[in-house]
Amino acid sequence: MKKFAIAAATATALTLTMANAAFAAQSTQAPMTLAAGEVTKAKEATSDTWITTKVKADLMTEKGVPGSDIKVETNKGVVSLSSDVAITDAQKDMAVAIAKKIKGVQAVSADGLKSE
């Protein structure tokens, strides 16, 4: 009877050790991979938000550019400028130049800007 109890305890200990090792390997891999993807998305979103804010602020402070009339959106570093109010070609060119100077901007689309 004593041999059976020792064998059962040993088998249980081995099973738990193997299950724990398998569980640990599985549970640490998936969340780490998932977290890395989420961190990348968060950095991208933060970067886009920062770019949008910086472009908008620079447009607002530039004399001769109606910054309050220009809408700014950023997606993966690509800045899109648009407006409901018509602006001059010179103002449009200046707005594009301002956006292009911002760190992190990959490209600027001004197709949404109405010009006179």
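Our subject is the structure that appears above.
This report concerns the structure included in the present document. (Residues numbered from 1 in each chain as written. Predicted model: local features only at pLDDT ≥ 70, side-chain atom pairs only at ≥ 80, totals over all residues. Heavy atoms only, no water.)

1. Side note on the environment of K100
Along the chain, K100 falls in helix α2 (residues 89-100). Along the chain, K100 and V79 lie 21 residues apart, while their C-alpha atoms are 8.6 Å from each other. Ignoring any residue separated from it by four or fewer positions in sequence, one finds K100 in contact with V105 and V108. (Helix = DSSP H or I, 4+ residues; strand = E, 2+ residues; numbered from the N terminus. Contact = heavy atoms within 4.5 Å.)

2. Quick word on unusual backbone geometry
Trans is the prevailing form of peptide bonds, just as negative phi is the prevailing case for residues other than glycine. The phi angle at K76 is positive, at roughly 55°, despite the residue not being glycine. Here K76 is to be found in the loop between β1 (70-75) and β2 (78-83).

3. Focus: the sheet that holds β1
Adjacent strands of a sheet pair through backbone hydrogen bonds, lying either parallel or antiparallel. If you walk across this open sheet you meet the 3 strands as β1-β2-β3, and the pairing is mixed. The open sheet terminates on both sides in strands that have one partner only, identified here as β1 and β3 (107-112). Averaged over all neighbouring strand pairs, the angle between strand axes comes to 25°, with direction disregarded. In terms of strand pairing, β1 meets β2 through 6 bridges, oriented antiparallel. Across the sheet, residue K71 finds its bridge partner in β2, namely S82. Across the sheet, α2 lies against β1, β2 and β3, angled at about 155° from β3, the strand it touches most. (Pairing = 2+ DSSP bridges. Axes fitted to C-alpha atoms, helices over the stretch in contact; angles between N-to-C directions.)

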